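Below, each chain spelled out in residue letters.
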Number of protein chains: 2
Amino acid sequence: MAVTIQEVARAANVSPSTVSNVLNGRDSRMLPETKVRVEQAIAQLGYRPNRAARQLRTGRIQMLGLVVPSVANPFWGTFAQLVESVALRSGFRVLLCNSERDPQREAEYLEELWADGVSSVLLCSSLPSISHVQPFLERGMTIVAFDRTSQLGDPPSLTNVSVDNSLGAQLATSHLLELGHRRLAFVSGRVHSVNRKERLDGFLSTVDRAGIAANEVLVWKDSGSGRAGDLDAAEVGRAAARELLSRPCPPTAFVATNDMFAIGVCAGVRDAGLRVGADVGRSSGSTTSCWPISLSRR
Amino acid sequence: MAVTIQEVARAANVSPSTVSNVLNGRDSRMLPETKVRVEQAIAQLGYRPNRAARQLRTGRIQMLGLVVPSVANPFWGTFAQLVESVALRSGFRVLLCNSERDPQREAEYLEELWADGVSSVLLCSSLPSISHVQPFLERGMTIVAFDRTSQLGDPPSLTNVSVDNSLGAQLATSHLLELGHRRLAFVSGRVHSVNRKERLDGFLSTVDRAGIAANEVLVWKDSGSGRAGDLDAAEVGRAAARELLSRPCPPTAFVATNDMFAIGVCAGVRDAGLRVGADVGRSSGSTTSCWPISLSRR
DNA sequence: GCCTGTTGGTGTATCGTTTTACCGGCGCTC
DNA sequence: GAGCGCCGGTAAAACGATACACCAACAGGC
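Residues numbered from 1 in each chain as written. Chains lettered and ligands numbered in written order. Predicted model: local features only at pLDDT ≥ 70, side-chain atom pairs only at ≥ 80, totals over all residues. Heavy atoms only, no water.

## Regarding the protein's contact with DNA strand D
- In the vicinity of DNA strand D, 24 residues are found, and the nearest of them are Ile5, Tyr47, Arg54 and Arg57 of chain A together with Thr18 of chain B.
- Put simply, 69% of the atoms of DNA strand D that lie within 4 Å of the protein are in sugar or phosphate.
- Contact between DNA strand D and Asn24 of chain A: a phosphate oxygen at 3.5 Å from a side-chain N or O atom of the residue.
- Arg54 of chain A places a side-chain nitrogen or oxygen 2.7 Å from a phosphate oxygen of DNA strand D. (Near = heavy atom within 4 Å. Polar contact = N/O pair within 3.5 Å; in protein donor to acceptor, adjacent residues only side chain to side chain.)

## Regarding the sheet that holds strand β6 (residues 184-188) of chain B
All names here are of chain B.
- Read across the open sheet, the three strands follow the order β7-β6-β8; overall the sheet is parallel. Single-partner strands in this sheet number two, and they are β7 (217-221) and β8 (253-256). Sheet twist, expressed as the mean angle between neighbouring strand axes with direction ignored, is 20°.
- Contacts from helix α8 (residues 165-178) reach β6 and β8, with the element oriented near 175° to β8. (Pairing = 2+ DSSP bridges. Helix = DSSP H or I, 4+ residues; strand = E, 2+ residues; numbered from the N terminus. Axes fitted to C-alpha atoms, helices over the stretch in contact; angles between N-to-C directions. Contact = heavy atoms within 4.5 Å.)

## Quick word on the relation of the copies chain A and chain B
- For these two chains of identical sequence, chain A goes onto chain B by a turn of 180° and a shift of 0.0 Å along the axis, with RMSD 0.1 Å. Between the two chains, the operation in question is that of a two-fold axis.
- Both copies share a contact surface, since 97% of the interface residues of chain A are interface residues in chain B too. (Least-squares fit on C-alpha atoms with pLDDT ≥ 70 in both.)

## Observations regarding the confidence of the model for chain A
- For chain A, per-residue confidence averages 85 on the pLDDT scale, and 89% of positions sit at 70 or higher.
- With pLDDT under 50 throughout, residues 282-298 of chain A is counted as low confidence; its partners more than four residues away or in other chains account for 45 contacts. (pLDDT = per-residue confidence, 0-100.)

## A closer look at the interface of chain A and chain B
- Across the contact, 35 residues belong to chain A and 36 residues belong to chain B.
- Interface area, chain A with chain B, both sides summed: about 3300 Å², of which 57% is carbon and sulfur.
- The largest share of the area that chain A buries against chain B comes from Arg48, Gln81 and Leu96 of chain A, three residues that together contribute 17% of it.
- There are eight salt bridges connecting chain A and chain B.
- With a closest N to O distance of 3.1 Å, Asp116 of chain B and Arg93 of chain A form a salt bridge.
- Summed over the shared surface of chain A and chain B, the result is 17 residue pairs in polar contact (both at pLDDT 80 or more). (Buried area = accessible area lost by both parts, 1.4 Å probe. Salt bridge = Lys/Arg side-chain N within 4 Å of Asp/Glu carboxyl O.)

## Quick look at the sheet that holds strand β8 (residues 253-256) of chain A
All names here are of chain A.
- Within the open sheet, the three strands sit side by side as β7-β6-β8. Their pairing is parallel. Here the strands that pair on one side only, and so sit at the sheet edges, are β7 (217-221) and β8. When strand polarity is set aside, the average angle formed by the axes of neighbouring strands in this sheet is 20°.
- With four bridges joining them, strand β6 (residues 184-188) and β8 adopt parallel strand pairing. Within β8, the position partnered with Leu184 by the bridge is Ala253.
- In the packing of helix α11 (residues 259-271) onto the sheet, the strands contacted are β6 and β8, and the crossing angle to β8 comes to about 155°.

## Brief notes about the side chain of Ser188 of chain B
- Relative to the helices and strands, Ser188 of chain B is located in strand β6.
- In contact with Ser188 of chain B, not counting residues within four places along its chain, are Arg196, Trp220, Lys221, Asp222, Thr257 and Phe261 of chain B.

## A closer look at the protein's contact with DNA strand C
- In the region of DNA strand C, 25 residues are neighbours, and Thr18 of chain A together with Ile5, Tyr47, Arg54 and Arg57 of chain B sit closest.
- Close to the protein, within 4 Å, the atoms of DNA strand C belong to sugar or phosphate groups at a rate of 64%.
- Between a phosphate oxygen of DNA strand C and a side-chain N or O atom of Ser20 of chain B, the distance comes to 3.0 Å.
- Tyr47 of chain B places a polar side-chain atom, nitrogen or oxygen, 2.6 Å from a phosphate oxygen of DNA strand C.
- The set of elements that each furnish at least two residues to the surface near DNA strand C consists of α2 (16-23) and α4 (51-58) of chain A together with α1 (5-12), α2 (16-23) and α4 (51-58) of chain B.
- The element best represented in the surface near DNA strand C is α4 of chain B, accounting for four residues.
- Residue composition of the surface near DNA strand C, by class: eight nonpolar, eleven polar and six charged. (Nonpolar A, V, L, I, M, F, W, Y, C, P; charged D, E, K, R; others polar.)

## So, the packing of helix α1 (residues 5-12) of chain A against α2 of chain A
All names here are of chain A.
- It is at 8 Å that the axes of α1 and α2 come closest, and there the two elements cross at 100°. The orientation of α1 relative to α2 falls into the category roughly perpendicular. Each of Ile5, Gln6, Val8 and Ala9 in α1 lies in contact with α2, whose residues at this interface are Pro16, Val19, Ser20 and Leu23.
- Its residues placed into classes, the contact of α1 with α2 shows six nonpolar, two polar and no charged. (Parallel < 35°, antiparallel > 145°, perpendicular 65-115°, else oblique.)

## Some points on the pairing of strand β1 (residues 63-68) of chain A
Residues and elements named next belong to chain A.
- The buried fraction of β1 is high, at six of six residues.
- Along β1, one buried face is formed by Met63, Gly65 and Val67 and the opposite face, lined by Leu64, Leu66 and Val68, is buried too.
- Of the crossover connections in this fold, the one passing from β1 over helix α5 (residues 74-89) to the parallel strand β2 (residues 93-98) is right-handed.
- Here β1 runs beside strand β3 (residues 120-124); their pairing, made up of four bridges, is parallel. Bridging across to β3, Val67 finds its partner in Leu123. (Buried < 20%, exposed > 50% of the residue type's maximum accessible area, 1.4 Å probe, protein only. Right-handed = clockwise from strand over helix to strand, strands pointing away.)

## Things to note about unusual backbone geometry
- Although it is not a glycine, Asn13 of chain A sits at a positive phi angle of roughly 60°.
- Its location among the elements puts Asn13 of chain A in the loop between α1 and α2.
- We classify Asn13 of chain A as exposed; its relative accessible area is 67%.
- Residue Asp147 of chain B is not a glycine yet carries a positive backbone phi of 60°.
- Here Asp147 of chain B lies in the loop between β4 (142-146) and β5 (159-161).

## A word on the environment of Phe203 of chain B
Residues and elements named next belong to chain B.
- Within the element layout of this structure, Phe203 appears in helix α9 (residues 194-209).
- Residue classification places Phe203 among the buried residues on the basis of a relative accessible area of 0%.
- With 18 residues separating them in the primary sequence, Phe203 and Ala185 have C-alpha atoms 9.4 Å apart.
- Discounting residues that sit within four places of it in the chain, Phe203 has contacts with Ala169, Thr173, Leu184, Ala185, Phe186, Val217, Val219 and Val255.

In structure tokens:
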């Protein structure tokens, strides 16, 4: 059905090996003329190497496993799109895996990917523990963790690419302070990860430096279930905003630990009959999303 | 490195063929005892068939191409997650492809998928013309179009699974009428697809049946660029809402042709200093998303 | 004239699975 | 007792690309 390397070889009057050499850039000791003949044959026949055969022989495959909590979360959706477009430029395909924050599913996906010969994985996991990736690292899988500041118990050989949590929180908080806000609230779920801890610390240190009194700072750390989904996060944010706004001295602005909590907070503010960006968080625009993309790698 | 079928065969004291037969359910004329021996060997060695080899031999591969405009759009993100979870249950992997509403990219993705041996594709395309899929259908690719009511020029052999556009629009419009709204607006981009036309018609026929006067109905059809992205849609919705609300007799409720326009409309309403679900669209909740999932297939 | 090195390639085994053809042994029939 | 069919498998040839070893032809050195 499809064109094979053999047919190309025949058309260019060379051996399949030579075509393979052209394909893989091993053309150092090859007559330029021969190379051109092969390239023309490839173009003319519309030949595309069979990936299955190539993978079977080499063991390598140009595929990237992308493990995210859920691509239904707009943050991860946007992220997935970016990843896919970059991967495409390098000839990589992207296999989508939604872990749903389940350690077992995460491990299962890694197992599947490994069985498929996919040895490059971008793992976005905010699970308290990811000790289940250790065996895969040992088997030689290349795993890069995103958005996970390394924490105790994490495999030491795991590469991390993350945002600068502390700086982000500082920027967000400073922004609100500059707008004149004095009663600030920080909304987060359980502070189970280093990410969240650093964001909270960034917030606290900034209000502290600004000389804001402790009783003007409200910190909401939901103690809900360990494996809260994204919709839960929005619900938590919503409840938090409602509850905080009903207090005697309600906050005039909010910092949320991520987009889903922020979305929830916005809803909660509206529930309270207030307007985001006007009654609450008074600023030039309505809301600001500002975790700075800065890389810490090793 | 990995366990092969040969090793399983040796462990179970049978030939590789027999293991293969067990694997593929061809066990009709096989001693139950033999089958059990093979299964135990598989389990014990943790054997997983090599997909590359299998694909090379059979030409088939358990992979689904998912082509969406952009997974950064929460609608498609949610959709992608659903698709992925269903596919997983059947042992299918999902290859993510963001077409960005570009016919050329769409065709290129199909080409790549075909070259990879992926012959099952779920195509979500609202492009005015998808004649570029015709050659792939002819080559034997199985393509199912989602969210695209068949239109003139579409390949006749293309299977469609779509929402019931007219019913959806009727439900949305009736809902608002029941809440007592009389001045309604319909916000859409260019009505370039049958989908959008049917939604608009559903809206118009419902207000008509309700005896709403023509001058109380506002229809916004942006004439912007042909290949408007999702963010553009939100911007269009926003501008539409602002403009419509500044008129002498502004609408009290909006029906949008899809989520992104609706998000934009919400922003525009807030820009005008009004509250969604209170000043505008007064209802039990704030907004309602209601395209009914009904299948029309052939 | 013999050895060596370089040039420009080619031949062939190999990756792990599926599939088609085939096989020996047994029981049954005529 | 020759022939036939069934039972429970097995042997071996693919699938398409890659990589390693090898080769013929020729030039140059001594």
